[in-house]
Each structure stands twice: as structure tokens, then as C-alpha cells.
Amino acid sequence: MKIAATFISFAALCSALASGAASAGDLKVEVNGITENKGEVMVAVFNQKGQWLKQAHVSKKVSANGNKVVVQFDGLPDGDYAVSVVHDLNSNGRLDSNPIGMPTEPYGFSNDAVGNFGPPSFDSAKITLTQAPLSISVRVN
């Protein structure tokens, strides 16, 4: 009886681990349109509408080499996300802008979303990640 209970507990644990692993996905972001081989490409993934362009869920920086770079995010929980990309030409860790607030460095968003008089909304940049790997392309301008 003790062996049967141990086996059931082990089976339940394996099932829970398997279901947890099945609810994670991988996101590959290909950034196109890089025109200068200097600085860094910053890719930020947001998972909450209220944190859009404020607090990323995860982010990575890679050197700008060639006209495109690829950034991989593994094991993200299933759900809705939006991605922002900045080609930080001077490697100062932020999107530079002119005195009236217009960006002076290349940037882009998932779905190649654009905004009117400001950044696009989370909903217009939203992508849905499931268990299957997802590849997206973002063009910086």
C-alpha cells in the first residue's frame, strides 16, 4: 500500500512538471533594418498592458552586427506579449530624442505597429505565445 501511494505521488509530480513545461514557449525576435554596425540592439518583451514601455518582463542587448540580429527568449509563460526594439547607436542604454521628443535612434515594435503622435498601443503590438516556438520580425527605422 505504501509503494502504491508513493507511485501515485511520483506520477502526480511528473504530471505537474510536464504540464508546467508545456505552458512555456520560446520567442525568437529577428530585428531587420539595421543600417549601422555600431552600438547595441535592445529588445524588450512586455507581458502586461499597464507596464507597456515602462517595465519589461524580460529584455536583452546584443551588438549590432550586419543588417539584422536575432534575439532568443526561452521558456516564457503562455500569454500575450508586445515587443519593443531600440538600436542604441551610442550604447547609452536608452532611446535618444531631440528637444521636442522625437526619437533620434532607430526603433520598432512587434507587428511593425506604429502610433499616432507617440508609441503604438500594447494591443496593436500584441502577439500571443503558446507552447509552440514563435518567430517574429521587427523592422527598426
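In this text the structure is predicted, and so the values were computed from the model without any measurement.

Draft legend 1. Spotlight on the overall build of the protein. Helix and strand counts for the protein come out as two helices and eight strands. Moving toward the C terminus, one meets the helices and strands of the protein in the order α-β-β-β-β-β-β-α-β-β. For the protein, with 141 residues in total, the buried portion stands at 30%. When contacts within the protein are restricted to residue pairs at least 6 apart in sequence, long-range pairs at least 24 apart make up 69% of them. Roughly 8500 Å² of accessible area belongs to the protein as shown, and the carbon and sulfur atoms make up 56% of that amount.

Draft legend 2. Fine view of the packing of aromatic side chains. Inspection of the entire model under this criterion finds four aromatic pairs. Clustering of aromatic rings is evident, with ring pairs tying together Phe-46, Trp-52, Tyr-107, Phe-109 and Phe-122. We note Lys-60 situated over the ring of Phe-73; from NZ or CZ to the ring centre the distance is 5.1 Å.

Draft legend 3. Fine view of unusual backbone geometry. Of note in the backbone geometry, Leu-53 takes a positive phi value of approximately 65° without being a glycine. Residue Leu-53 is classed as partly exposed on the basis of its relative accessible area of 34%. Positive phi is not limited to glycine here, since Ser-91 has a value of about 55°. Following the sequence through the fold, Ser-91 ends up in the loop between strand S5 (79-88) and strand S6 (107-109). Ser-91 sits in the partly exposed class, given a relative accessible area of 41%.

Draft legend 4. Spatial organisation of the sheet that holds strand S1 (residues 24-32). Taken in spatial order, the three strands make up an open sheet running S4-S1-S8, and their pairing is mixed. Two strands lie at the open edges of the sheet, namely strand S4 (68-77) and strand S8 (134-139), each paired on one side alone. Neighbour-to-neighbour, the strand axes of the sheet open up by a mean angle of 20°, direction not taken into account. Both S1 and S4 contribute to a ladder of eight bridges, which runs antiparallel. Counterpart to Gly-25 in the pairing with S4 is Leu-76.

Draft legend 5. A look at the pairing of S1. Pairing between S1 and S8: six bridges, direction parallel. Among the inter-strand pairings, Val-31 is bridged to a residue of S8, identified as Val-138.

Draft legend 6. Structural view of the nonpolar core. Residues Leu-27, Val-29, Val-31, Val-43 and Val-83 are the most contacted members of the largest nonpolar core, which totals 20 residues. When residues of this core are traced back to their parent elements, those giving at least two are S1, strand S2 (40-46), S4, S5, strand S7 (126-129) and S8. For this core, the element with the most residues is S4, which contributes four residues. Judged by nonpolar contacts, the second largest core, of eight residues, contains Ala-44, Phe-46, Phe-122 and Ala-125.

About the criteria used
Residues numbered from 1 in each chain as written. Predicted model: local features only at pLDDT ≥ 70, side-chain atom pairs only at ≥ 80, totals over all residues. Heavy atoms only, no water. Helix = DSSP H or I, 4+ residues; strand = E, 2+ residues; numbered from the N terminus. Buried < 20%, exposed > 50% of the residue type's maximum accessible area, 1.4 Å probe, protein only. Contact = heavy atoms within 4.5 Å. Areas by Shrake-Rupley, 256 points an atom, 1.4 Å probe, with all protein chains shown as cover. Phe/Tyr/Trp six-rings, centres within 6.5 Å; stacked < 30°, edge-to-face > 60°. Lys NZ or Arg CZ within 6 Å of the ring centre and 35° of its normal. Pairing = 2+ DSSP bridges. Axes fitted to C-alpha atoms, helices over the stretch in contact; angles between N-to-C directions. Core = buried A, V, L, I, M, F, W, Y, C linked by side-chain atoms within 4.5 Å.

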